[in-house]
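# Residue-level structure breakdown
Listed below are the residues making up each chain.
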Amino acid sequence: MLNAFQEGVVVVVCVNLIAVLGMSVLTGFTRLFSFGNAGFMSIGAYTAAICSVQLRLPFPLAVLCGAAMAGFIAFLLGSLTIRLRGDYFLISCLGFGECVRVLFNYTKGLTGGANGYSGIPYRTTAAVAFFCAVLAFVIAWNFIHSKYGQSLSAIRENEVAAAANGIDVVRCKKMSFVFSAIYAGWAGGLYAHYLRHITPALFNLGKSSELIITTVLGGLGSLTGSVLGTLVVQLLPEFFRGLAEYRMLFYGIAVVLVILVRPAGLYGYREFSITGAVRFVRRLGKGDGQDG
Amino acid sequence: MKILLQQLVIGISIGSIYALIASGYALVYSLLDFSNWAHGEVCMLGAYCCFMAVKVAQFPFWLSCVLGVGGAVAVSLFNERFTYRRIRSNGSPNMFLMIAAMGLSTTYQNLATVIWGGKFKQMPKVFSKSSLNVGGVFIGTTDLLCLALTVIVLVILLLIINKTRFGLHVRAVACAGRTAGILGVRIDRVIALVFMLAGALAGLAGILYGMKYNVYPTMGNVGLKAFIASVIGGLGSVPGAIVGAVLLGLIETVASGYISSGLRDLISFSLLILILLVRPAGLMGVDVQDKA
Amino acid sequence: MADLLTLSNVSKAFGGVHAIDDFSLSLPEGAIQGLIGPNGAGKTTIFNTITGIYRADAGEIRFAGEDITAVQPHQAAQKGIARTFQNIRLFGNLSVLENVVIACNMHAGYHLADALLRLPAYRRAKAEAEEKARGFLEIVGLQDKAGERAASLPYGHQRKLEIARAMATGPRLLLLDEPAAGMNAEESRELVDFIFRLREQFAVTVLLIEHHMDVVTNLCERCTVLNFGRTLASGSMEEIRKNPEVVAAYLGGDEA
């Protein structure tokens, strides 16, 4: 059905989408910054890999373990650091991500150190990845539109007012943090079963910033925007292979431009909807420019 | 004992480079409440300017250093003039400043890779690699020079901030930007000057770092260390940043000397998180509460 | 009538400055009481102490017979204390309706699993919350603006929305911080009627900070005057108006 190249593209897009959705919930909806999500991805990846190679668990269970482990670690870390303000929280996440990478490099017996962990079975086919991405999107959508997700948006908009309306700010932030870590871990587990060989360097600080860049480009506070962002960031380099070395340069410039020109990103603070699109097209047709 | 002493000297000398960059972070943070992630890249570009001047244009070394510092000042001012100021003026949340800075950082890093390639470049050997023997403790001349220069520069910086009219304006804007503006301080000008000052410090740090190690596109990551240092010291506090930087330099050298260089970052990051847990706003920072 | 809220000898200092000093107040259920005083007298600090944003240095705060001196802000809200803010604090990028729905969510009875899987309990509770929120918008007359961005509303509407949001948490005590700020005489009169209606409809007790004296006179049965964090006078409006110290403080006499 798909050739190997197409299959790879689908898997990479879907896996990244899951991680970006987690980031979107955390950064776009709660306005918490984590430069440690690559760390959670690697926890998910290594846990899932070890589960399926050493413990011979079936693939879905292995990925589940990876996601759960990432969520659990996030819960522990969040219990300590979630009260830190702004940049202090950010740097603690960044520090955590780097710690995880160094630790995986160092524990050669378990993880193979810098050479990586290999022999992981190939399980993440395009179909599996696609199914997971759709599931991840639906769950994230439900979460964001529930009272829990609305609480997160309230915290983003005004923490003091959120608390005054009965929202337990610390608890909700922690929930958002754990949610994003679970998604990162989920993505990591899938990724490991696609690559079959993982190294700590895959999940470095650059990966964390790529996730943030994607979220910002797609639009803060919009899940459909995150999908769009992921498609742009992951697909463009596939089409323009010759320009691979300029890839990050373009993204850097794009982020600056987006923030300057269109701070809400490609699709910020609103979701794409069919009815909205139809209304927009009709309005264009009428040309009256009136706001409905 | 002698080894320890030697490492303490090395640690302080590395810490002093961190201090130059960290005080730039602190200055900008104190005025604008955001972490200028592109600061490390300013440092890198300063180093490249110096390198190009001395190697390609064959200028004398002292002139190249001036040009390097000048280049860093220009880049820093450019960032402020064309990015940060515009974001401030359209009333976006502070987070966008940080995202823009992240974008700039990615841009510069990859721009440098595209222009100069990823290879290490060597600064000319201006100072002999010889070391002084002080009672059995060997101290590299570069280290010593680096240390002396930094101390002088930082003392001048603290004098500027605490004793001059300009310093008074900086402190006034840091305390209450709008009020200072009403009282006749030209805020944008003060901010621009602070960016230039921070750029000069970063440029100097870049040249020193390049002399000590090499010049390469990702050397801006030293800015990350400096950022950590300024977080440890308390964001926005220049003396705090200096103390944090020296502390970090010491911890790093002692950790790699006595425990393992592989675990160096793990130890410094864990310590960072620990410090934040005990003092959520760093060693010398003030914990500000959102006033209702 | 039993007292809904009592503050006994509450003090709060910032650095060396006593924002409120040995302050006491008791508020009977169903009352509408005013809290007035010059700027910086500590009025908002009292609100912040009641709602748990600040922790009192000394003294005790009881609400409906329960000690709430050390509660967190969200707990205060859950116990039935709602408030508005002097500098309006809406969820600016969210819609008008969402602002109120978020307040209604406090009583929405579904769990995380219901939400993630979109179970019937979740859908029902979500529809209910929206229904309820629309009701509150209607009360403040913003039902037509439900879909608009909260930050895009004109100032007066923002104040109304904030009150609707506060009422949507289903409070027993409503703290209003300068609700008439920036309103003209006509709007102020409307506000007075509106607050009376709120009390009738929801049996809510009201404590309000206000500078518009006509609003305070028309609305409040009793009033407390604050100066430099201390109670200058407390009593019925009639007593307050005749109190020489109050007159001096407001007119800048030298006895104050």
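Conventions and cut-offs
Residues numbered from 1 in each chain as written. Chains lettered and ligands numbered in written order. Predicted model: local features only at pLDDT ≥ 70, side-chain atom pairs only at ≥ 80, totals over all residues. Helix = DSSP H or I, 4+ residues; strand = E, 2+ residues; numbered from the N terminus. Rg over C-alpha atoms; globule rule 2.2 N^0.38 Å. Buried ≥ 20, exposed ≤ 12 C-beta atoms within 10 Å, placed from the backbone. Contact = placed C-beta atoms within 7 Å. Nonpolar A, V, L, I, M, F, W, Y, C, P; charged D, E, K, R; others polar. Axes fitted to C-alpha atoms, helices over the stretch in contact; angles between N-to-C directions. Parallel < 35°, antiparallel > 145°, perpendicular 65-115°, else oblique. Left-handed = near helix turned anticlockwise from the far one by under 90°. Core = buried A, V, L, I, M, F, W, Y, C linked by C-beta atoms within 7 Å. Expected span 1.5 Å × (residues − 1). Pairing = 2+ DSSP bridges. pLDDT = per-residue confidence, 0-100. Right-handed = clockwise from strand over helix to strand, strands pointing away.

### Things to note about the overall build of chain A
Counting its regular elements, chain A contains 13 helices and two strands. Its C-alpha radius of gyration of 19 Å places chain A within 12% of the 19 Å reference for a compact globule of 292 residues. Overall, chain A is about 65 × 50 × 35 Å in size when its C-alpha atoms are taken along their principal axes. Out of the 292 residues belonging to chain A, those deemed buried represent 58%. Across chain A, contacts joining residues at least 24 apart in sequence account for 81% of those joining residues at least 6 apart.

### Observations regarding the overall build of chain B
Within chain B, the regular secondary structure consists of 11 helices and two strands. Computed over C-alpha atoms, the radius of gyration of chain B comes to 19 Å, within 12% of the 19 Å expected from 2.2 N^0.38 for 292 residues, which places it in the range of a compact globule. A principal-axis box enclosing the C-alpha atoms of chain B has dimensions of 60 × 50 × 35 Å. Looking at chain B as a whole, 51% of its 292 residues are labelled buried. Pairs at least 24 residues apart make up 74% of the contacts formed inside chain B by residues separated by at least 6 positions.

### Here's the deal with the interface of chain A and chain B
Taken together, the 32 residues of chain A in the interface contact 35 residues of chain B. Elements supplying a minimum of two residues to the side of chain A that touches chain B: α3 (59-81), α4 (86-106), α8 (159-164), α10 (205-218) and α12 (247-261) of chain A. A total of 11 residues in the side of chain A that touches chain B trace back to one element, the largest contributor, which is α4(A). For the side of chain A that touches chain B, the per-class residue count stands at 20 nonpolar, six polar and six charged.

### A few points about the packing of helix α3 (residues 96-104) of chain C against helix α6 (residues 155-168) of chain C
Residues and elements named next belong to chain C. Between α3 and α6, the least distance of the axes is 7 Å, while the angle of their chain directions is 25 degrees. On the basis of their axis angle, the class for α3 and α6 is roughly parallel. When you trace α3 past α6, the crossing you get is right-handed. Two secondary-structure elements touch here, α3 through Val96, Asn99, Val100, Ala103 and Cys104 and α6 through Leu161, Ala164, Arg165 and Ala168.

### Some words on unusual backbone geometry
All names here are of chain C. Non-glycine residue Asn9 carries a positive phi angle of around 50 degrees. Note on placement: Asn9 falls in strand β1 (residues 3-14). With phi around 50 degrees, Glu178 is a residue other than glycine that occupies positive phi space. Locating Glu178 in the fold gives a position in the loop between β7 (173-177) and α7 (185-202).

### Quick look at the nonpolar core
One finds A:Ile18, A:Val255 and B:Ile21 to be the most contacted residues of the largest nonpolar core, which totals 276 residues. No other element matches helix α9 (residues 169-195) of chain A, which puts 17 residues into this core. If near-sequence neighbours (up to four positions away) are discounted, B:Ile21 is found in contact with B:His39, B:Gly40, B:Cys43, B:Leu201, B:Ala202, B:Ala205, B:Val222, B:Gly223 and B:Ala226.

### Comments concerning the packing of helix α1 (residues 2-32) of chain B against helix α2 (residues 39-55) of chain B
Residue and element names in this part refer to chain B. Between α1 and α2, whose axes approach to 10 Å, the crossing angle comes to 135 degrees. Classified by the interaxial angle, the pair formed by α1 and α2 is oblique. Judged by the twist between their axes, the crossing of α1 over α2 is right-handed. Touching Ile21, Gly24 and Tyr25 of α1 are His39, Gly40 and Cys43, all from α2. Along the lines of polarity and charge, the residues of the contact of α1 with α2 split into three nonpolar, three polar and no charged.

### Considering α12(A)
Taking 1.5 Å of rise per residue, the 15 residues of α12(A) would be expected to cover 21 Å, and the 21 Å separating its terminal C-alpha atoms lies within 8% of that figure. When we look at burial in α12(A), the residues that qualify are A:Met248, A:Tyr251, A:Gly252, A:Ala254, A:Val255, A:Val256, A:Val258 and A:Ile259. On its buried face, α12(A) is in contact with α10 and α11 (223-239) of chain A together with α3 (61-89) and α4 (94-116) of chain B.

### Some remarks on the sheet that holds strand β9 (residues 222-227) of chain C
Residue and element names in this part refer to chain C. One open sheet accounts for six strands, arranged β6-β7-β8-β3-β9-β10; its pairing is mixed. Each edge of the sheet is formed by a strand with only one pairing partner; in this case those strands are β6 (81-83) and β10 (230-236). Each adjacent strand pair in this sheet contributes to an overall mean axis angle of 15 degrees, direction not counted. Relative to β7, β6 runs parallel, the two being bridged by three bridges. Bridge pairing links Arg83 to Leu175 in β7. In the packing of helix α1 (residues 43-50) onto the sheet, the strands contacted are β3 (32-36), β6, β7, β8 (205-209) and β9, and the crossing angle to β7 comes to about 150 degrees.

### Some remarks on the confidence of the model for chain B
Residue and element names in this part refer to chain B. In the predicted model, chain B carries a mean pLDDT of 86, and the fraction of residues at 70 or more is 96%. Least confident of the elements in chain B is strand β1 (residues 131-134), whose mean pLDDT is 72; most confident is α2, at 93. Reported for the predicted complex are a pTM of 0.90 and an ipTM of 0.90.

### Description of the sheet that holds β1(C)
Residues and elements named next belong to chain C. Read from one edge to the other, the open sheet built from four strands follows the order β2-β1-β4-β5, with strand pairing classed as antiparallel. Strands at the two margins of the open sheet, each flanked by one partner only, are β2 (17-28) and β5 (66-67). Bridge count between β1 and β2: eight bridges; the pairing is antiparallel. Residue pairing for β2: Phe14 is matched across the bridge by Val17. Running at roughly 65 degrees to β2, α1 makes contact with β1, β2 and β4 (58-63) of the sheet.

### A short note on the environment of A:Gly221
Residue placement: A:Gly221 occurs in the loop between α10 and α11. Put simply, A:Gly221 and A:Ser153 are 68 residues apart on the chain and 8.1 Å apart in space, counted from C-alpha to C-alpha.

### A short note on the pairing of β1(C)
All names here are of chain C. In this antiparallel pair of consecutive strands, β1 and β2, the connection spans two residues, and Gly15 shows a positive phi of 60 degrees. Judged from the five bridges that link them, β1 and β4 form a sheet pairing that is antiparallel. Counterpart to Ser8 in the pairing with β4 is Glu60.

### Thoughts on the pairing of β8(C)
Residue and element names in this part refer to chain C. Burial runs high along β8: five of the five residues are buried. Of the two faces of β8, the one holding Thr205, Leu207 and Ile209 and the one holding Val206 and Leu208 are both buried throughout. As judged from the five bridges shared by β7 and β8, these two strands associate in the parallel manner. Residue pairing in the sheet places Leu175 in a bridge with Leu207 of β8. In this view, the connection linking β7 to its parallel neighbour β8 by way of α7 has right-handed handedness.

### Regarding the environment of B:Gly46
Residues and elements named next belong to chain B. Mapped onto the elements of the fold, Gly46 is located in helix α2. With 33 C-beta atoms counted inside 10 Å, the residue Gly46 sits in the buried group. When the C-alpha positions of Gly46 and Val69 are compared, they lie 5.7 Å apart, and in sequence the two are 23 residues distant. The residues contacting Gly46, other than those within four sequence positions of it, are Gly68, Val69, Gly71, Ala72, Ala202, Gly203, Gly206 and Ile207.

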